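Descriptive structure summary
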Amino acid sequence: MKHSRKKGEGTLVKRGRNYSVRFIDDSGKIIVKALKTTNKLEADTKAKLEIADHNKKLERRSDNKIKLSEAFQEYLDCSNRPKSSDVTLKEYKRYWGKFVDYVAEDIYLHDVSVKRVDLFWSDLQTKTLAPQTQNKIKNFCHLLYKSLARSLSLNINPFEGIKNLAFESVPYRELSDDELESLKKECTGETKTLFLIGMYTGLRLKDASLLKWESIDLSNSSIKLIPHKTKKHKTFIEVPLLGELKTELFSKSIGESEYILPSIASSYLLQRSTISRRSSRIFIDAKIESNDDGKVGFHSLRHSFATICINSGVPMDIIQELIGHSNIKMTRHYSRIGLETKADAMKNFSIGEKTKILYSPSEVLEMVSQMTSENWQAKQKEILSNV
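Per-chain numbering applies: the sequence of each chain, read as written, is numbered from 1 onward. Local features in this predicted model are restricted to residues of pLDDT 70 or higher, and side-chain atom pairs are both shown and tallied only at a pLDDT of 80 or more, whereas totals for entire chains, interfaces and linings draw on every residue. Only hydrogens and water are set aside when side-chain values are computed; all heavy atoms of the structure are taken into account.

Secondary structure elements are taken from DSSP: a helix is a run of H or I of four residues or more, a strand is a run of E of two residues or more, and numbering for both begins at the N terminus. When its secondary structure is counted, the protein shows 17 helices and seven strands. Should any heavy atoms of two residues lie within 4.5 Å, those residues are counted as being in contact. The contacts of the protein with a sequence gap of at least 6 include a subset with a gap of at least 24, amounting to 55%. Where accessible areas are quoted, they stem from the Shrake-Rupley method and a 1.4 Å probe; at the residue level, only the protein chains shown are allowed to cover. Surface summary for the protein: the accessible area is close to 24,000 Å², and the carbon and sulfur share equals 50%.

We now examine the pairing of strand S6 (residues 222–225). Pairing geometry for strand S5 (residues 216–217) and S6, over two bridges, is antiparallel. For Asp217, the partnering residue across the bridge sits in S6 and is Ser222. By definition, two strands form a pair when at least two bridges between them are found by DSSP. Between S5 and the antiparallel strand that follows it, S6, lie four residues; Ser221 among them carries a positive phi value of about 50°. Inspection of the sheet shows S6 paired to strand S7 (residues 237–240) by four bridges, in the antiparallel sense. Within S7, the residue paired with Ile223 across the bridge is Val239.

Attention now moves to the packing of helix H2 (residues 68–77) against helix H3 (residues 86–103). Interhelical geometry of H2 versus H3 gives an angle of 160° and a closest axis separation of 9 Å. Considering their axes alone, H2 and H3 lie roughly antiparallel with respect to each other. When you trace H2 past H3, the crossing you get is right-handed. Within the contact between the two elements, H2 uses Leu68, Ala71, Phe72, Tyr75 and Leu76 and H3 uses Leu89, Tyr92, Lys93, Trp96, Phe99, Val100 and Val103. The residue classification treats Ala, Val, Leu, Ile, Met, Phe, Trp, Tyr, Cys and Pro as nonpolar and Asp, Glu, Lys and Arg as charged. All others, Gly included, are polar. Taken together, the residues of the contact of H2 with H3 break down into eleven nonpolar, no polar and one charged. Here, axes are lines fitted to C-alpha atoms. For helices the fit covers the stretch in contact, and angles between N-to-C directions go from 0 to 180 degrees. Working definition: roughly parallel below 35 degrees, roughly antiparallel above 145 degrees, roughly perpendicular at 65 to 115 degrees, and oblique for all remaining angles. Crossing chirality is assigned from the near helix's rotation relative to the far helix, an anticlockwise turn below a right angle marking it left-handed and a clockwise turn marking it right-handed.

A few words now on helix H13 (residues 316–323). Each residue's exposure class comes from its accessible area (1.4 Å probe, protein chains only) as a fraction of the maximum for that residue type: buried when under 20%, exposed when over 50%, partly exposed otherwise. Buried residues of H13: Met316, Ile319, Gln320, Leu322 and Ile323, and no others. Here the buried residues of H13 occupy an arc of 165° about the axis, which is enough to place them on one side. One or two steps after H13, the chain reaches Gly324, where phi turns positive at roughly 90°. An arc is given here, and it is the one of the directions from the helix axis to the C-beta atoms.

Our next topic: the sheet that holds S5. Pairing is antiparallel in the open sheet, where three strands are placed in the order S5-S6-S7. This sheet does not close on itself; its edge strands, each paired only once, are S5 and S7.

In this section: the confidence of the model for the protein. Taken as a whole, the protein shows an average pLDDT of 84; of its residues, 83% reach a score of 70 or greater. Known as pLDDT, the predictor's confidence for each residue is given on a scale from 0 to 100. Here strand S1 (residues 2–3) stands out as the element of the protein with the lowest mean pLDDT, 50, in contrast to helix H4 (residues 114–124), whose mean of 96 is the highest.

Core analysis: the largest hydrophobic core is formed by 46 residues, its most contacted members being Leu175, Leu183, Leu194, Phe195, Leu211, Ile216 and Leu301. The contacts of Phe195, once residues within four sequence positions are left out, are Leu183, Cys187, Ser279, Ile282, Phe283, Phe298 and Leu301. By convention a nonpolar core is built from buried Ala, Val, Leu, Ile, Met, Phe, Trp, Tyr and Cys residues, the set being connected through side-chain atoms within 4.5 Å. Residues Tyr75, Leu109, Leu143 and Leu152 belong to the second largest nonpolar core, which totals 30 residues.

Salt bridge criterion: a side-chain nitrogen from Lys or Arg within 4 Å of a carboxyl oxygen from Asp or Glu. Across all of its chains, the model carries ten salt bridges by this definition. In this structure, Lys48 and Asp44 form a salt bridge, with 3.7 Å as the shortest nitrogen-oxygen distance. With Lys48 and Asp44 both in helix H1 (residues 40–62) and four residues apart, the pair spans about one turn of that helix. Where Lys184 meets Glu181, a salt bridge forms, and the shortest distance between an N and an O atom there is 3.0 Å. Residue Lys184 and its partner Glu181 are located together in helix H6 (residues 177–186), separated by three residues, close to a single helical turn. On the basis of relative accessible area, Lys184 is assigned to the buried category, the value being 15%. Judged by relative accessible area, Glu181 falls into the partly exposed class, the value being 39%.

This paragraph deals with the side chain of Thr88. Inspection of the secondary structure puts Thr88 in helix H3. A polar contact is formed between the side chain of Thr88 and the side chain of Ser85, at a distance of 3.0 Å. Counted as a polar contact is a pair of N or O atoms within 3.5 Å, where, for protein atoms, one must be capable of donating a hydrogen and the other of accepting one, and residues adjacent in sequence contribute only when both atoms are in side chains.

On to the packing of aromatic side chains. When the centres of two rings from Phe, Tyr and Trp lie within 6.5 Å, Trp using its six-membered ring, the rings pair. Their planes under 30 degrees apart give stacked, over 60 give edge-to-face, and anything left gives tilted. Scanning the model with the defined rule gives 13 aromatic pairs in all. A centroid spacing of 5.4 Å and a plane angle of 50° characterise the contact between Trp96 and Phe99, whose relative ring orientation is tilted. Of this pair, Trp96 and Phe99 both sit in helix H3, separated by three residues, roughly a single helical turn. A residue is classified by how much of its surface remains accessible, and Trp96, at 3% relative accessible area, is buried.

Taking 1.5 Å of rise per residue, the 13 residues of helix H12 (residues 299–311) would be expected to cover 18 Å, and the 19 Å separating its terminal C-alpha atoms lies within 8% of that figure. Taking burial as the measure, the 13 residues of H12 include eleven buried ones, the bulk of the element. Within the sequence span of H12, burial applies to His299, Ser300, Leu301, Arg302, His303, Ser304, Phe305, Ala306, Thr307, Cys309 and Ile310. Where H12 ends, the next residue or the one after it, Gly313, has phi of about 90°, a positive value. Under the convention used throughout, the expected extent of a helix is 1.5 Å for every residue step, that is, one less than its residue count.

Put into structure tokens, the structure is as follows:
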């Protein structure tokens, strides 16, 4: 259904229940914008604002007059940019803000010189930021210029040629039973549930923070979801609900929020570093520190989960499925076989002696089921040799 309007104000189009506006912009191109409203009066107001905003942007682009304060919105509107999640875009906005704050004047993108960028890069390295974070800030600024280069005729990318800072990647270490217990004692409320999810499922911080009730099957006592990191592969992982986590989730009442941890999910979506810092604080309060085996953090719970699984006799291929690794080599990297498990596996090891073959309980039962009146003595002798 179309609703005619004055010349230059476009045409309101109703698709289903919601309105859109169709108009021809100042360059002669036909544009359709969704107004996301079912109310005609509200749609009329939104349409005028959309058209005015679009033409204003078009005017700026024709003169390539995009200021630093406008550049991030221009990036969001750019069809040439890579697809990113809302959480990632919020991080990108923060990274660009670092550069805008440093420049301290709202100049045009074209006027940013290589020298100014070099000074910014040098200044950034004086801050208390991890090298990885500094690289991310610089790399996004480069990406913004690269994405807008064609539409704004940007001939020079002032962030081009800056090398990433070198840093030594320190792995996370697994935690001892005592350390895991110490963490539980330091946690309360949603934070305790968050840590229990990490301990009993091995989920990454993002997946644990944004875990939804739809992923929980209380009737089958399991969690089933597609991890965010491997979302493009659309591969589900399914983890049994066990121990304290099962008790914790069964005792929770499902509220209005789709998230199991509404407050944590909200904070994570607003700025994920908030939850990362909060979890790091728990480790500090529990007096759990990095050592020669590696650093500590929420991701240590994932390493601990894999290690506990392997030392509990869970086969490696099953651990791989539980954690959601596509490569079993990565699973081996995450897990560490304990001395007791190694000793148990090597209990039949001997040198210079005839190795005694031991049967598992299931093999013994199989042999018993094969007994007949003719072979029972031989089978009995074979089974007793297992004792």
